[in-house]
Amino acid sequence: MAGGPSPLGRPRPDTAAMPKRGKRLKFRAHDACSGRVTVADYANSDPAVVRSGRVKKAVANAVQQEVKSLCGLEASQVPAVAALSGEPGDITDSSDEVDAQESVHKRTISRKKKSPRHREDLDGAGGEEYPMDIWLLLAAYIRPEDIVNFSLICKNAWTVTCTAAFWTRLYRRHYTLDAVLPLRLRPESMERPRCLRACVIRSLYHMYEPFAARVSRNPAIPESTPSALRNSKCLLFWCRKIVGNRQEPMWEFNFKFKKQSPRLRSRCTRALRPPSQYEDVHTNPDQDCCLLQVTTLNFIFIPIVMGMVFTLFTISVSTDMRHRRVGLLFQDSPVRGGRRLRSEQGVQVTLDPVHSVRLFDWWHPQYPFSLRA
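None of the values given here were measured: they were computed from a predicted structure.

Examining the overall build of the protein
Next, step 1: Looking only at helices and strands, the protein has 12 helices and 6 strands in total.
Next, step 2: In the protein, which comprises 373 residues, the proportion classed as buried is 31%.
Next, step 3: Counting only contacts in the protein whose residues sit at least 6 apart along the sequence, the fraction spanning at least 24 positions is 66%.
Next, step 4: Counting only carbon and sulfur atoms, one obtains 54% of the accessible surface of the protein, whose full area is about 25500 Å².

Quick notes on the nonpolar core
Next, step 1: Ranked by size, the top nonpolar core spans 32 residues in total, and within it W167, V200 and Y367 carry the most contacts.
Next, step 2: Of all the secondary-structure elements, those providing two or more residues to this core are α6 (147-151), α7 (155-160), α8 (164-174), α9 (196-207) and β3 (289-296).
Next, step 3: Here this core gets 8 residues from one element, more than from any other, and that element is α9.
Next, step 4: Not counting residues up to four positions away in its chain, the partners in contact with W167 are I147, T161, L196, R197, V200, I201, V281 and H282.
Next, step 5: Within the second largest apolar cluster, 22 residues are counted, among which are C234, I302, M308 and V357.

A short note on the packing of α9 against helix α10 (residues 209-216)
Next, step 1: One can describe the packing of α9 onto α10 by two numbers: an axis separation of 6 Å at closest approach and a directional angle of 80°. When the axes of α9 and α10 are compared, the pair comes out roughly perpendicular. In this structure, α9 contributes L204, Y205 and M207 to the contact, and α10 contributes E209, F211, A212, R214 and V215.
Next, step 2: Residue classes in the contact of α9 with α10 are distributed as 6 nonpolar, no polar and 2 charged.

What about α8?
Next, step 1: Those residues of α8 lying buried are F166, W167, L170, Y171 and H174. All buried residues of α8 project into a common sector of 130° when viewed along the axis, lining one side.
Next, step 2: In this structure, the buried residues of α8 make contact with α6, α7, α9 and α12 (279-282).

Some words on the packing of α8 against α9
Next, step 1: With their axes 10 Å apart at the nearest point, α8 and α9 run at an angle of 15° to one another. Classed by the angle they form, the pair α8 and α9 counts as roughly parallel. You can see that α8 and α9 cross each other, and the crossing is left-handed. Contact with α8, carried on its side by A164, W167, T168, L170, Y171 and H174, involves L196, R197, V200, I201, S203, L204 and M207 of α9 and no other residues of that element.

A closer look at the pattern of salt bridges
Next, step 1: Counting across every chain of the model gives 7 salt bridges.
Next, step 2: Among the salt bridges present, the one from E145 reaches R143, with a minimum N-O distance of 3.4 Å.
Next, step 3: With a relative accessible area of 28%, E145 lands in the partly exposed category.
Next, step 4: Here R143 falls in the partly exposed class, since its relative accessible area comes to 46%.
Next, step 5: We note a salt bridge from D361 to K259, for which the minimum N-O separation is 3.2 Å. Residue D361 is found in strand β6 (residues 347-361), and its partner K259 is found in the loop between β2 (250-258) and α11 (262-265); the two are separated by 102 residues along the sequence.
Next, step 6: The network of salt bridges with shared partners includes R143, E145 and D146.

About the cut-offs
- Residues numbered from 1 in each chain as written.
- Predicted model: local features only at pLDDT ≥ 70, side-chain atom pairs only at ≥ 80, totals over all residues.
- Heavy atoms only, no water.
- Helix = DSSP H or I, 4+ residues; strand = E, 2+ residues; numbered from the N terminus.
- Buried < 20%, exposed > 50% of the residue type's maximum accessible area, 1.4 Å probe, protein only.
- Contact = heavy atoms within 4.5 Å.
- Areas by Shrake-Rupley, 256 points an atom, 1.4 Å probe, with all protein chains shown as cover.
- Core = buried A, V, L, I, M, F, W, Y, C linked by side-chain atoms within 4.5 Å.
- Axes fitted to C-alpha atoms, helices over the stretch in contact; angles between N-to-C directions.
- Parallel < 35°, antiparallel > 145°, perpendicular 65-115°, else oblique.
- Nonpolar A, V, L, I, M, F, W, Y, C, P; charged D, E, K, R; others polar.
- Arc of directions from axis to C-beta.
- Left-handed = near helix turned anticlockwise from the far one by under 90°.
- Salt bridge = Lys/Arg side-chain N within 4 Å of Asp/Glu carboxyl O.

What follows is the structure, given as structure tokens:
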């Protein structure tokens, strides 16, 4: 009768003693020594061999205490040597108690972080500061589309992107003799430091193939409503006659807008300004400006809208069902809070029939800019 009770009421040697129901076994630190942690306990183990791919927290804490004790560090309030002694009588805390000690240790560290002296130590241990020449050397290998990511590495990297040497080298790296450039973007005109950054960016849309491909993909009529022009101020308006292959000439209406500053949209009052010696390099009169170009089949009278705020853009099918119809709504002040205004409260401009609608940012090759810039 295997497994039955002995005559004296004691369990047989081959019978495993079962713990009482509801009683939790306590964790012994010597059961989790470094010799008992196998390779199968880690992330790259086979799921068929190990049921759980995660090491128990109690085992991980004990191993961490052993490592700290070997390094001569104090793991917690309880000495690590006593916790890892192999004597059966030395029983450490259970897994819940180990977690409690770990939380106490974290609270102690957080209190130290609040002290000014400890904060200075953390700031000093953040990394090393390399000289400006190294960042200027690395900038020679940065692609134009990666300039923003490069400037966000650190303050010295951003300062390098503000220098005239950085933009001059970027221009010479991508300039070719067969490039067709406006007079202001040619090499003899790029020696002036004023507006150098804006001129180099404009020239890249003529010479750099990835940027030129973006311009070629711009459709004649945008599929979506240009909501980016909302609350933009109309700075200038002009129209001109276009004589082409058609018997009757077409008319081109141009609206120059100044977009709302990103700092105003995000309610941020502080802006990152370049160093004072590089302000001429970053000067750009057309910053945050764009041009809305609408081409119609005939001349349409347009009221005076310069100085007004553009609040609504609509595009629909024309009355002849072959072209488009464009509606522009201008107000005296910006529209806040997403509220909608009726058309009779502003100046309504209707262009019908419309041949094409284009939106050019200030860096676009077809955007008109002054040669004095």
